[in-house]
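Observations on chain architecture
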Amino acid sequence: MKKTTGYLTIPKSYQPILDIRETEIAIKQIKDHFEQELAKVLKLTRVSAPLFVYSESGLNDNLSGVEHPVSFTAKDIGNSVEIVHSLAKWKRLALHRYGFNIGEGLYTDMDAIRKDEDLDNLHSIYVDQWDWEKVISKQQRNKETLKHTVKKIYDVFKSTENLVYKLYPQIGKALPADIFFITSQQLEERFPNLSPKEREHEIAKLKGAVFISEIGDKLKSGKKHDNRSPDYDDWNLNGDILLWYPLLNKPLELSSMGIRVDENSLEIQLEKANQEDLKQLHFHSMLLNKELPYTIGGGLGQSRICMYFLKKAHIGEVQATIWPQSIVNKCRQSNIFLL
């Protein structure tokens, strides 16, 4: 049994497998391996990335559309700038500016601040992830390309699990042989009486590793599986990677990814989202004028990946950030040692 206290879930009789210093060493080993393998299987080049962008550029990730970025005015610049939520759109522009060709891609370490996050075992105001993006052809904008890429990324998860097991056999293995694919509509039809989050819980528990695709548009019920910004993922060609996490009795979303909008799907999705005013922004006008490459990309949560493979109860055990004192106190009482 697991005790839930506010937004904090505490596994019964929790004992971390690795102590703090061992954990810090393991974090480095996991991140180095995962990064290298991801770059190899997807043919990605590491690049530097911004921590902030101009507010009027349209480059920041709007996430679900309700989160507000941290913003400020720099003394010698004058314009308002925003701390990034993610680099979903910046990466695509970078591929264009840096002269990447079809089949080539980039990745970067992305750090973000999401001040509106509801804090719990999986969410903090600090986000660290690998953001990646790859150029594809117009003809590759299809479900086969998406599935093939997901399988490649899942191979990296499997490889990382093998490394962790070799270094720390006491942690064990949990990943199934293959990742299961299902659309959000198929998921609704399979569990019609459940909420989207409850459906994710059931399918992840059943399959162990799942890719839920086609997120953002309305389902046949008239409801959305989840909100997605209309100006980066194509809602028909995107999805989330979820891994079942018995320690917390819930799925962990470790990646949100997809084939990005082209000029046609951008028009359609902006209209559906009632955000057609975005067309005036520089990034969006370039996209509509076919000046940007067609791409596939996504983000992979670094701390959540470490949390999963090291069997930690709280994301604060694998990343250094700040928490309300009430959470700190409850964690300390429950053998959860926050960095």
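Conventions we followed
- Residues numbered from 1 in each chain as written.
- Predicted model: local features only at pLDDT ≥ 70, side-chain atom pairs only at ≥ 80, totals over all residues.
- Heavy atoms only, no water.
- Helix = DSSP H or I, 4+ residues; strand = E, 2+ residues; numbered from the N terminus.
- Rg over C-alpha atoms; globule rule 2.2 N^0.38 Å.
- Buried < 20%, exposed > 50% of the residue type's maximum accessible area, 1.4 Å probe, protein only.
- Contact = heavy atoms within 4.5 Å.
- Lys, Arg positive; Asp, Glu negative; His and termini not counted.
- Charge placed at Lys NZ, Arg CZ, Asp CG, Glu CD.
- Phe/Tyr/Trp six-rings, centres within 6.5 Å; stacked < 30°, edge-to-face > 60°.
- Lys NZ or Arg CZ within 6 Å of the ring centre and 35° of its normal.
- Pairing = 2+ DSSP bridges.
- Core = buried A, V, L, I, M, F, W, Y, C linked by side-chain atoms within 4.5 Å.
- UniProt positions renumbered as here; feature names shortened; annotations may be inferred.
- Polar contact = N/O pair within 3.5 Å; in protein donor to acceptor, adjacent residues only side chain to side chain.
- Expected span 1.5 Å × (residues − 1).
- Axes fitted to C-alpha atoms, helices over the stretch in contact; angles between N-to-C directions.

1. Section: the overall build of the chain
Looking only at helices and strands, the chain features 9 helices and 13 strands. Against the 2.2 N^0.38 benchmark of 20 Å for 339 residues, the chain shows a C-alpha radius of gyration of 20 Å, consistent with a compact globule. Seen through its C-alpha atoms, the chain measures out along the principal axes to roughly 60 × 50 × 40 Å. Across the 339 residues of the chain, 53% fall into the buried class. Put simply, 71% of the contacts in the chain that link residues at least 6 apart link residues at least 24 apart. Taking the 46 positively charged and 46 negatively charged side chains of the chain as two groups, their mean positions are separated by 5 Å.

2. Side note on the packing of aromatic side chains
A complete count under the given rule lists 6 aromatic pairs for this structure. Aromatic side chains Phe34 and Trp130 sit 5.1 Å apart centroid to centroid with 10° between the ring planes, which places their arrangement in the stacked category. In this pair, Phe34 sits in helix 1 (residues 20-42) while Trp130 sits in strand 8 (residues 126-136), placing the two residues 96 residues apart along the sequence. Through a chain of ring-to-ring contacts, the aromatic side chains of Phe34, Trp130, Phe157, Tyr245, Tyr308 and Phe309 assemble into a single cluster. Directly above the aromatic system of Phe180 lies the positively charged group of Lys207, at a separation of 4.4 Å from the ring centroid.

3. Focus on the pairing of strand 10 (residues 209-213)
For strand 10, a buried count of 5 out of 5 residues is recorded, marking the element as mostly surrounded by other parts of the structure. Residues of strand 10 alternate between two faces, with Ala209, Phe211 and Ser213 on one and Val210 and Ile212 on the opposite face, all of them buried. Pairing between strand 9 (residues 180-183) and strand 10: 4 bridges, direction parallel. Paired with Phe180 across the two strands is Val210, which belongs to strand 10. Judged from the 5 bridges that link them, strand 10 and strand 11 (residues 233-245) form a sheet pairing that is antiparallel.

4. Looking at the nonpolar core
Counting residues in hydrophobic clusters, the biggest one holds 58 residues, and the most contacted among them are Trp132, Ile153, Phe157, Met257, Leu300 and Ile305. Among the nonpolar cores identified, the runner-up in size contains 13 residues, and Val84, Leu87, Trp90 and Leu95 belong to it.

5. Some points on the UniProt feature "domain: Aminoacyl-transfer RNA synthetases class-II family profile" (unreviewed entry) in the chain
Mapped onto this numbering, the UniProt entry gives "domain: Aminoacyl-transfer RNA synthetases class-II family profile" (unreviewed entry) at residues 104-324. Taken end to end, residues 104-324 is 31% helix and 28% strand, and its first and last C-alpha atoms sit 43 Å apart.

6. Considerations on the side chain of Lys134
Structurally, the position occupied by Lys134 is in strand 8. For Lys134, the side chain forms a polar contact with the main-chain oxygen of Leu42, separated by 3.1 Å. If sequence neighbours within four positions are ignored, Lys134 has contacts with Leu42, Leu44, Leu95, Gly103, Glu104, Gly105, Tyr294, Thr295 and Ile296.

7. Section: unusual backbone geometry
The phi torsion at Lys311 lies on the positive side, around 55°, for a residue other than glycine. Mapping Lys311 onto the fold places it in the loop between helix 8 (302-309) and helix 9 (325-333). In this structure, Asn335 is a non-glycine residue whose phi angle is positive, near 65°. In this structure, Asn335 sits in the segment after helix 9.

8. Thoughts on helix 1
For helix 1, spanning 23 residues, the distance from its first C-alpha to its last is 33 Å, which sits close to the expected 33 Å at 1.5 Å a residue. Turning to helix 1, the residues buried within the fold contact strand 3 (44-46), strand 7 (105-113), strand 8, helix 3 (143-167), strand 13 (294-301) and helix 8. A distance of 3.2 Å separates the backbone nitrogen of Arg21 from a side-chain oxygen at the start of helix 1, and that oxygen is part of Asp19.

9. Section: the sheet that holds strand 5 (residues 71-73)
The 3 strands are arranged 4-6-5 in an open sheet whose pairing can be described as antiparallel. Each edge of the open sheet carries a strand with a single partner, namely strand 4 (52-54) and strand 5. Neighbour-to-neighbour, the strand axes of this sheet turn through a mean angle of 35°, independent of strand direction. Judged from the 3 bridges that link them, strand 5 and strand 6 (residues 80-83) form a sheet pairing that is antiparallel. Bridged to Thr73 within strand 6 is Ser80.

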